Amino acid sequence: MYLLYLLKFYTSSLSLKLYLMKYTITIFLFCFSLIFCDAQSLQFTPVFSTFSSPVDIANADDCSDRLFIVERFGTIRVIDSNGMTLTSPFLDVSTKISTSPNERGLLGMAFHPDFESNGFFYINYTDNSGDTKIARYEVSTSNPNIADASSEVILLTINQPYWNHNGGCLKFGPDGYLYIGTGDGGSSGDPECYSQNNLDLLGKMLRIDVNQNINTSPYYGIPSDNPFVGNSAYLPEIWATGLRNPWRYSFDRVTGDLWIADVGQWAWEELNFQPASSTGGEDYGWDVMEGNHCFDNIDPNCPTGTESCFSIAYTDPIWETAQDPSTGGFSITGGFVYRGCRYPNLTGLYVCADYATDNAWLIDGAGNATLYNNLSISSISTFGEDESGELYAASLGGAIYLIEETSNVVDCSCPPTKHLTGTICGGTYSTTTSITSDGLVEAGSDVTFQSDMIELQSEFEVESNAVFCAEIVPCTPLADTNVQQLTNTDENSTTNFKNNVKLEATIESTNLQIEQQAANQTIQIQLSIDGIAFINLQIVDNHQNVIAKLIEKEHRPKGNYIWEVDTNTFKKGFYTVQASINNSKNINKKIEIE
């Protein structure tokens, strides 16, 4: 993908002339692009840096609040819940991969939906022969931030006839199956028509069940409802066909819809949409169609019976953009539908960008796009979600951006309402009005629901050794008063008190310890609390100026918390570490930087 936009235009003098003509026209049309801008104040804010060619961002959905950054040259790095990039990589497969030319390498990863219990995750890379490998690994049993490098098993090997168009994205769908996007094999224009050859895995969306054959080759099975099961004209792994180079796709975490960004050839970038109700089998048209336009009506290398341009057999994209430096792009990078909390103006909108320009878009479910072409970004290679649904993007140059919308920002520590489903991690859940839940409190965790109304649906479960309590209070720090026992009303309207509900008292003791490391000029701050608490933690100078804000308005369960702060940028002098517990109990510790 990375040099694809160069290949598109500079492989012939005719292409160069067409590009220059198109750019000249664009100068006159530029002002019209402004009508699409500023419906929302989209912003890419750099939050992390110094990564090496990041191409994917993932989270483990295991309540750890970590981000995993996939680097093309073979490493996966961890950003922990405190925003610290860990020194040791999560995984290093640099000796197993080829990275030259530059569309090869370690290209994607996905965590098993049950990663917290089975430790499985999957990666997509090009091996030393240049072929695609889909591999499974396991996390170390002794360190959750390190993978077991010896645990690799290979699920698929896909021959790559050329160096480019390797796809690389992996995603688990809401159905629990692993989706694998493959490019058309490379070169230019899909010369062998792999995308329309249904006895080849190239140019496809694949769908496999990794919960079959877990311990025996091929370490996956075929879902029984895959669209071509039993059809000898198709490989059974195929879910959809007709893709060129699907450079990032994602599932909407609320609706389950699938959005596929497919990099174009000479003229059009496209975004394909597959509703959650789809039963598969879509043909997105490449290499007969490019976007909504005819590309190669009669390719002699396509299989007999391949439909011609504009056939109803092809599924049109939900959106396309002409290749143009100001209003379009040359290599689309797919993103996500925003489902976070902080930026309500983005809710339900798909965010994507162009690798070759500084253009980005917000696109709604009807395919209406808003263009942002004045962003300070470059080489956007991927997007990712954290566990709470906030979005990030990465530049191949090494920066990680937080996607923000600056006109309306919400304090997500206390949203108006909250519906909890799936696994409920330990901690405090607060709203200003109501909480409803049909979720599962994970084993061994302490959970507090705090709102004006708490209602558990009949599907609500609490695993063994997990405890939870309810506080019927406004969204304020925890208090002794108004604590109610939590009840569950089943589908027969019978109210039962849960035997394993226990009421948590407010915090009684805290301990703040500070250790200064002279060797590397860092300080280690340890805060211990014996109950769920509402915490602020910061470092201020002698003039009460905030130098570092470590926690702001966060509820934390009981436990020990450790932060390491680099003081190299601090001036010499005295500072104070300030901890505020439940907005009433304050602890201050002096430190001196020499």
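Every chain is numbered independently, its residues counted from 1 as its sequence is written. Local features are withheld for residues below a pLDDT of 70 in this predicted model, meaning they are given only at 70 or higher, and side-chain atom pairs are given and counted only at 80 or more; totals for whole chains, interfaces and linings count all residues. Only heavy atoms go into the side-chain values, all of them from the structure, while hydrogens and water stay out.

Engineer: Outline the overall build of the protein, supporting the account with residue identities and numerical values.
Structural biologist: The secondary structure listing takes helices from DSSP runs of H or I that are at least 4 residues long and strands from runs of E that are at least 2 residues long, numbered from the N terminus. Within the protein one finds three helices and 45 strands. Every one of the 594 residues in the protein was classed for burial, and the buried ones make up 53%. Put simply, of all contacts in the protein between residues at least 6 apart along the chain, 54% involve residues at least 24 apart. For the protein, the accessible surface area stands at approximately 25,100 Å², while carbon and sulfur atoms represent 48% of it. To sort residues, take the accessible area from a 1.4 Å probe on protein chains only and compare it with the maximum for the residue type: under 20% means buried, over 50% means exposed, and anything in between is partly exposed. The criterion used for residue contact is that any of the two residues' heavy atoms lie within 4.5 Å. We get accessible surface area from the Shrake-Rupley algorithm with a probe of 1.4 Å; when it comes to residues, only the shown protein chains can shield them.

Engineer: Account for the sheet that holds strand 31 (residues 440–441), naming residues and giving values.
Structural biologist: Read from one edge of the open sheet, three strands run 28-31-34, paired in parallel fashion. One side of each edge strand has no neighbouring strand; the edge strands of this open sheet are strand 28 (423–424) and strand 34 (461–462). Across two bridges, strand 31 lies against strand 34 in parallel orientation. The partner of Val-441 across the bridge, within strand 34, is Val-462. Two strands pair under a simple rule: DSSP has to find at least two bridges between them.

Engineer: A description of the nonpolar core should follow, citing residues and the corresponding values.
Structural biologist: Taken as a class, soluble globular proteins show a tendency for nonpolar side chains to be buried jointly. Nine residue types can take part in a nonpolar core, namely buried Ala, Val, Leu, Ile, Met, Phe, Trp, Tyr and Cys, and a core is a set of them joined through side-chain atoms within 4.5 Å. Counting 31 residues, the largest nonpolar core has Leu-42, Phe-44, Ile-380, Phe-383, Ile-400 and Ile-403 as its most contacted members. Secondary-structure elements contributing two or more residues to this core are strand 1 (42–48), strand 3 (67–71), strand 21 (350–354), strand 22 (360–363), strand 24 (380–385), strand 25 (391–395) and strand 26 (400–405). Judged by nonpolar contacts, the second largest core, of 24 residues, contains Ile-76, Phe-90, Leu-91 and Phe-111.

Engineer: Quick rundown of the state of the cysteines? Include the residues and the values.
Structural biologist: The bond known as a disulfide is covalent and runs between the sulfur atoms of two cysteines. We call a pair of cysteine sulfur atoms a disulfide whenever their separation is within 2.5 Å. Applying the stated rule across the entire model yields four disulfides. Note that Cys-63 is cross-linked by a disulfide to Cys-425, the S-S spacing being 1.7 Å. Measuring the twist about the S-S bond at about -75 degrees, one finds the Cys-63-Cys-425 disulfide to be left-handed. Here Cys-63 is found in the loop between strand 2 (54–58) and strand 3, whereas its partner Cys-425 is found in the loop between strand 28 and strand 29 (427–430), with 362 residues between them in sequence. On the basis of relative accessible area, Cys-63 is assigned to the partly exposed category, the value being 24%. Linked covalently through their sulfurs, Cys-341 and Cys-412 form a disulfide whose S-S length is 2.3 Å. With the S-S dihedral at roughly -110 degrees, the linkage between Cys-341 and Cys-412 falls on the left-handed side.

Engineer: So what's going on with unusual backbone geometry? Which residues, and what values?
Structural biologist: In this structure, Pro-101 follows Ser-100 across a cis peptide bond, with omega equal to -5 degrees. For Pro-101, the position within the fold is in the loop between strand 5 (91–92) and strand 6 (106–111). A positive phi angle is found at Thr-50, which is not glycine, with a value near 70 degrees. Take Thr-50: it is sitting in the loop between strand 1 and strand 2. In this structure, Phe-310 is a non-glycine residue whose phi angle is positive, near 65 degrees. Residue position: Phe-310 is located in the loop between strand 18 (293–294) and strand 19 (319–322).

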